[in-house]
Amino acid sequence: MNIFPGKVVAARDAKLRGADGAVRPPRLADLLAKALRRLGEAGDTRAFWSRIVKPGAKVGLKVNCLAGARLSTTPQLVRAVVASLAEAGVPAGDIVVWDRTARELKAAGLTSQATGAGCRGTDEAGGYETAIASSGEVGSCLARILTRDIGVLINIGVLKDHDLSGVSIGMKNLYGVIHNPNKYHDNACDPYVADVANLPVVRAKLALTIADGTLAQCHGGPAFSPAHAWEYDGILVGTDPVALDRVGCEIIERRRKARGLPSLAEAKRWPKWLATAASYGLGEADLARVKVLEEGDGM
Amino acid sequence: MACERRSFLKAAAAAGLAAAAAPCRGAGQAAEEASEFPVKPARHFVALPEKRVRCELCPRKCEVADRERGYCGVRENRGGDYTTLVWGRACSLNIDPIEKKPLFHFLPGATALSVATAGCNMECKFCQNWEISQFRPEQIAASFMPPARLAELAAARGAPAIAYTYSEPVVFFEYMYDAAVAGNARKIKSVMISNGYILEPALAELCDVLAAVKIDLKGFTEKFYKEYTKGELAPVLAALKYVAKRRVWLEIVVLLIPSLNDGAAELTEMCAWIAGELGPDTPLHFSRYHPMYKLKNIPPTPLQSLERAHAVAKKAGLNYVYLGNVAGHEAESTYCPQCGKAVITRYGYRVDARALTDGKCAGCGAPVPGVWE
Ligand code: SF4
């Protein structure tokens, strides 16, 4: 469901945070709305969402909360997405905020009170299918939330470095839908990240990727590393998961360079899986061919 | 999900172990709360910069960042401290005949309290126990069964051995080691049923406390190991040699898969290696494969293939060669290499060892190597 291939909106707001340093939810909601409208070339977000979520569809927001409260998908961004969907007529009851375990969701502050929608771990919501789904080198049991409960998948990862896969932004976050992610970290996760994204059910249901860059991290991931995290104060939005990750890589690479860190390629973890994913037809991995639409304070 | 197919409760009840079993909460609920199981320090790792660690338990030597797990999925880096998530976390518990492991030269006719946790450091496409070996601990039902309790349970059930089996005990090293120590204190022996994918320092510690080791030799080419197990052959051969050197009782199983690892040249080379490096008295079991997990397009091993392999092994000079998963076959029994008398006859798990007296053939008096008491 790559409706806008090769297009990524990079939206930043230099005034996202208040005097106390905390993200201001109204400004984040506004930034999200601008990004969605820009991506869809739509007059309002309602028009945008109508292309993404068909009436009556159940929506899963796949978050990333491996790193705990300090570097997970933020409740503020999830709340903004839930509210935006609500404005478009998708009731909160039709949305599930989801990751591997209920414990991790809670630890990241992703509660129904904080997000406005139900939050469930795969472990408490049906577990995994008993049959193995195959895609390339990957063979895994898939989370039943994905296979049975939702019709539309919105992937909301974090803009961050990953010590094995290079980056963990959108596509790497999809490891959370398989039961055996630990088996797929060799060779800088190539072709495994691409293979997971190429699972037929993922391809069919993944409608939108959002990278939470309110706090981003250029090194030391996937855990939180205060020395390498920075307030990027932005988000990336796109339906092309490959292009979005490619743009995210660029942001991380620029930050690494500015901090005197070796490039991901020099660190021997350039995400080769981007090119593999492109070869599967999942999206655009060539940055020169990606149309980056800058919103607010730009990329 | 494994809860549905391999119900811990069902297995434990079948073995009369219901008192030891925890309720299976099924796939629809959180499998386990973290607080139910202790998280113990892992052994055999080195700390790296930036809170990373390198696990040195098995040849994979995973380098694991903070908050991540190694390939086996049961060892986790928590802020630079490497931990095991499966100490005492038993997902399968049964009383089995020792012949089921299979160990044929080790307390014939005895039972073993058999225990597993989640996890494996390989991923064999033909894994017969993938519903536990290929899952993370929190994804399957389990019961807290600390080492002392295992030893106590084995003693109470009259089992002279604890077998670490079903999944891959190497990855629950700390639990196995501590349980073996607890068992030894009660004169309960410990046996490891393993893929042998382990580094020598860890294996050396295990050999101090184990009475027997069975290693699955999955093939005899690196190509097969790479393509079908995601492991390597060379470290397994090194482990076999090490166990043989330590004089811990050793038996080998080869699961024969038609067209993949049953070529005459490969088997000839394998058997010559076993005879030469480990000794002709090393028991070798050829076992029948059944389609399973990710290898379902190959039919079960025909009996002729097993018999061919048996002949190759005998020709290589191996004295004790067995066929598995073929109940009633004459190659289930143990024959004296001197006089040919059947010293232990078997039919499935029915065992008659009356022709073995004090570890010697009742016919000619030749010693038969093994652990007989
Ligand atoms: S035991 Fe597990 S974590 Fe350790 S090296 Fe082997 S696969 Fe990796």
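Keep in mind the model is a prediction, meaning the values are calculated, not measured. Here the residue numbers are simple positions, counted from 1 along each chain's written sequence. Lettering of chains starts at A and numbering of ligands starts at 1, both following the order in which they are written. Only residues with pLDDT of at least 70 get local features here, since the model is predicted, and only at 80 or more are side-chain atom pairs given and counted; chain-wide, interface and lining totals rely on the full set of residues. Here the side-chain values reflect all heavy atoms present in the structure, with hydrogen atoms and water set aside.

## With respect to the site of the ligand
Residue and element names in this part refer to chain B.
Step number 1: Note on definitions. A residue lies near a molecule or strand when any single heavy atom of the residue is within 4 Å of it. In the vicinity of the ligand, the contacting residues are C55, L57, C58, R60, K61, C62, G70, Y71, C72, R75, Y82 and N121.
Step number 2: In this analysis the probe radius is 1.4 Å and the grid spacing 1 Å, with only protein atoms considered; a cavity is a set of points the probe fits into but cannot get out of, a pocket is an open set with protein on both sides within 12 Å along at least five of seven lines, and lining residues have an atom within 4 Å of a point. Occupancy of a cavity or pocket is assigned to a molecule whenever over half of its atoms lie within 2 Å of that pocket's grid points. In this structure the site holding the ligand corresponds to the largest cavity.
Step number 3: Its residues assigned to classes, the shell around the ligand comprises seven nonpolar, two polar and three charged. Each residue gets one label: Ala, Val, Leu, Ile, Met, Phe, Trp, Tyr, Cys and Pro are nonpolar, Asp, Glu, Lys and Arg are charged, and the others, such as Gly, are polar.

## Here we look at the domain arrangement of chain B
All names here are of chain B.
Step number 1: All domain edges in this entry derive from an automatic or database-based domain assignment. You can read the domains of chain B as domain 1 (89-334) and domain 2 (335-368).
Step number 2: Using C-alpha coordinates to define each centre, domain 1 is positioned 23 Å away from domain 2.
Step number 3: We call two residues in contact when some of their heavy atoms are within 4.5 Å. Listed per partner, the contact involves 16 residues of domain 1 and 16 residues of domain 2.
Step number 4: Both sides of the domain 1 and domain 2 interface together cover about 1,300 Å² of buried area, and 58% of this is carbon and sulfur.
Step number 5: What gets called buried area is simply the loss in accessible area from a 1.4 Å probe that two parts show on being joined, summed for both. When the buried surface of domain 1 facing domain 2 is broken down by residue, Y320, S333 and T334 rank first, second and third, together holding 38% of it.
Step number 6: Of the residues that constitute the side of domain 1 that touches domain 2, the class distribution is six nonpolar, six polar and four charged.

## Points about the sheet that holds strand β17 (residues 334-335) of chain B
All names here are of chain B.
Step number 1: Two strands are said to pair when DSSP picks up at least two bridges between them. Secondary structure elements follow DSSP: runs of H or I no shorter than four residues count as helices, runs of E no shorter than two count as strands, and numbering proceeds from the N terminus. A sheet is described by the order of its strands in space; here three strands give the open sequence β17-β18-β19, paired in antiparallel fashion. Both edges of this open sheet fall to β17 and β19 (350-352), since each of them pairs with a single strand only.
Step number 2: One ladder, built from three bridges, connects strand β18 (residues 342-347) with β19; its direction is antiparallel. Each bridged residue has a counterpart across the sheet, and for T345 the counterpart in β19 is D352.

## Considering the environment of C336 of chain B
Residues and elements named next belong to chain B.
Step number 1: Structurally, the position occupied by C336 is in the loop between β17 and β18.
Step number 2: Per-residue accessibility, obtained with a 1.4 Å probe over protein chains only, is compared with the maximum for each type, and a residue is labelled buried under 20%, exposed over 50%, and partly exposed between these values. What makes C336 buried here is its relative accessible area of 3%.
Step number 3: In the structure, C336 is positioned 197 residues away from Q139 in sequence and 47 Å away in space, judged by C-alpha atoms.
Step number 4: Filtering out sequence-adjacent residues up to four positions away, C336 remains in contact with K341, V343, C361, C364 and A366.

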